[in-house]
Structures are given as C-alpha cells and as structure tokens.
Amino acid sequence: MVKIPESEQILELLVNCKTYPAVSIKYTETVCTGGVQADGSFVRLYPIPFRFLEKQEQYKRWDVIQIRAYKDTKDSRPESWHLVSGTPIKILKSLSTDKQKWDWMHKAVFQGAVDLKSQEKTNGLVEIEPIEFYWKPDKKEWSPNQLKVLNQGSLFDSKERMAELAVRIPWQFRLKYREVATGREDDGKVLAWSYYQGYRRFLEDLGNETKALQVVAENVRKSIFSDDKTVYAILGT
C-alpha cells in the first residue's frame with residue numbers, strides 16, 4: 001500500500017454505517033466505516049481499529065466527524081480513504097432528526113446497482129423493497145494467522161477488548177430485496193455492526209443461538225418491513 005502523493009485531505013462526513021469488526025494481522029482489529037460528505041460524496045474509511053480508539057474518538061452512527069485521510073495505490077475505488085496514522089478523529093456533532101440526516105444523504109441516491117456501476121461508483125444509496133431477511137451459518141473460527149494475533153496481543157491491548165474480538169459470530173445475516181426504481185432483485189450480505197452486536201447481546205441474555213437469531217430477525221422486520229416506510233440500502237462493492 002503506497003500513499004498517493006498530495007492526496008491527503010481533511011474530510012468531514014456523516015457516519016451512516018459501521019461493519020462488524022474483523023481480526024487484522026496488521027491492525028489487530030479492522031472496521032470499515034461508511035459515510036457521506038455534505039456534497040453527497042460517499043466515503044469508505046478503512047481500516048479503523050475502532051475499539052482500540054480513544055473513547056472520545058469512538059463515533060456512532062449519525063455522528064458528523066472530521067478526519068485527516070489519504071488515498072493509496074492499492075485501493076482504486078473512488079470512495080476509499082485511509083486515516084492518517086496518529087491523527088485524531090474529531091466528533092463535531094450528532095444528527096437526531098430525519099430531516100437533518102436526509103439533508104446530507106439525499107444527494108447520494110442512485111436508481112440501483114447498474115446505475116452505480118454506470119457512474120463508476122462503488123457505494124451509494126438505493127431505495128429498496130425488502131423481501132426476506134434471514135441468516136445462514138458462517139465460519140466459526142478466525143483463521144490460524146488471525147488467531148495468532150489474538151493469542152499474542154500486545155502490551156497496549158486490554159484483555160477485555162481482545163477477549164471480545166476473539167469471539168467470531170458464526171452467522172451471516174442476509175437480505176433479499178427489490179430495487180424500487182428498476183425492479184431488479186438481489187440477495188446481499190448485511191454487514192451492519194448493530195445486527196451482529198445485537199445477536200451477541202441477545203445470546204448472552206437468552207443463552208440460545210436460535211432464539212437470539214429470531215429476536216434479531218424480528219427487530220429487523222419491525223424496522224424495515226412496513227408499507228408506510230421508505231427504505232434505503234447502502235450498496236457497496
């Protein structure tokens with residue numbers, strides 16, 4: 001990975017999604033963060049060792065943050081940026097109303113995946129009609145190299161954070177949906193941190209994997225499966 005000369009910039013973006021953390025050989029933990037700038041430009045910020053950030057830097061969904069970031073030669077996707085090491089993440093404000101959020105988000109709407117590709121974009125909002133939310137088994141363990149990272153740790157990594165990272169969610173959440181503008185149907189993996197963290201919390205409370213999965217699914221259906229709601233998906237490649 002080589003930094004592109006003169007690509008470093010200060011960016012302000014509204015955080016609209018965080019993926020569930022993965023173990024990284026280089027960074028210990030990596031989280032991909034999605035956001036949108038005031039002009040509608042999507043930002044893919046990766047990698048972020050989120051739970052190892054300072055508390056005042058641990059942003060939430062719908063926070064507006066300011067970062068110093070750069071582009072590199074390894075990832076040519078137009079939305080991809082990398083945090084400059086050692087620079088702070090500043091949380092400027094948090095948006096609470098739908099109008100505030102939509103003021104930032106509406107410029108990033110596309111008709112569908114084909115529209116995204118035709119405009120040479122790899123991230124964007126698409127209005128969808130949810131068809132089915134479900135789950136299927138995923139890998140139960142991290143790879144041998146990832147487990148080595150967890151076992152070694154470092155003097156700077158707390159035991160609590162390493163223990164939480166060590167537990168891999170053995171399920172993958174998925175959504176079948178239809179693009180409203182085009183009628184195209186697809187089936188995609190849901191990466192949102194909140195779904196997987198919710199599963200962990202329900203599993204701890206209920207002590208049963210199936211029941212925990214059912215509660216997650218029920219909450220999702222209540223949230224997006226409604227005739228009186230307009231639903232947008234963040235599509236990414």
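These remarks concern the structure in this document. (Residues numbered from 1 in each chain as written. Predicted model: local features only at pLDDT ≥ 70, side-chain atom pairs only at ≥ 80, totals over all residues. Heavy atoms only, no water.)

With that settled, the discussion passes to the side chain of Asn-16. By the element assignment, Asn-16 lies in strand S1 (residues 9-18). The buried category is assigned to Asn-16, whose relative accessible area is 1%. Excluding anything up to four places from it in sequence, Asn-16 contacts Gly-34, Gly-35, Val-36, Phe-42, Arg-61, Trp-62, Met-105 and Ile-234. (Helix = DSSP H or I, 4+ residues; strand = E, 2+ residues; numbered from the N terminus. Buried < 20%, exposed > 50% of the residue type's maximum accessible area, 1.4 Å probe, protein only. Contact = heavy atoms within 4.5 Å.)

Negative phi values dominate among residues other than glycine, just as trans dominates among peptide bonds. Residues Tyr-46 and Pro-47 are joined by a peptide bond in cis, for which omega reads -5 degrees. One can find Pro-47 in strand S4 (residues 42-48). Within the chain, Glu-6 stands out as a residue other than glycine whose phi angle is a positive 60 degrees. By the secondary structure assignment, Glu-6 is in the segment before S1. Its relative accessible area of 84% is what places Glu-6 among the exposed residues. Despite not being glycine, Trp-62 shows a phi value in the positive range, around 75 degrees. Relative to the helices and strands, Trp-62 resides in the loop between S4 and strand S5 (63-70).

Right, let's talk about the layout of surface pockets for a bit. By volume, the second largest pocket is sized at about 420 Å³. Lining the second largest pocket we find 16 residues, and of these Pro-49, Leu-53, Leu-83, Ser-85 and Gly-86 sit closest to its centre. Those elements giving two or more residues to the lining of the second largest pocket turn out to be S4 and strand S6 (80-83). A breakdown of the residues in the lining of the second largest pocket according to their chemical character gives 11 nonpolar, four polar and one charged. (1 Å grid on protein atoms, 1.4 Å probe; cavity = no way out; pocket = protein on both sides within 12 Å on 5 of 7 lines; lining within 4 Å. Points joined across faces, edges and corners; volume = space filled by probe spheres on them. Nonpolar A, V, L, I, M, F, W, Y, C, P; charged D, E, K, R; others polar.)

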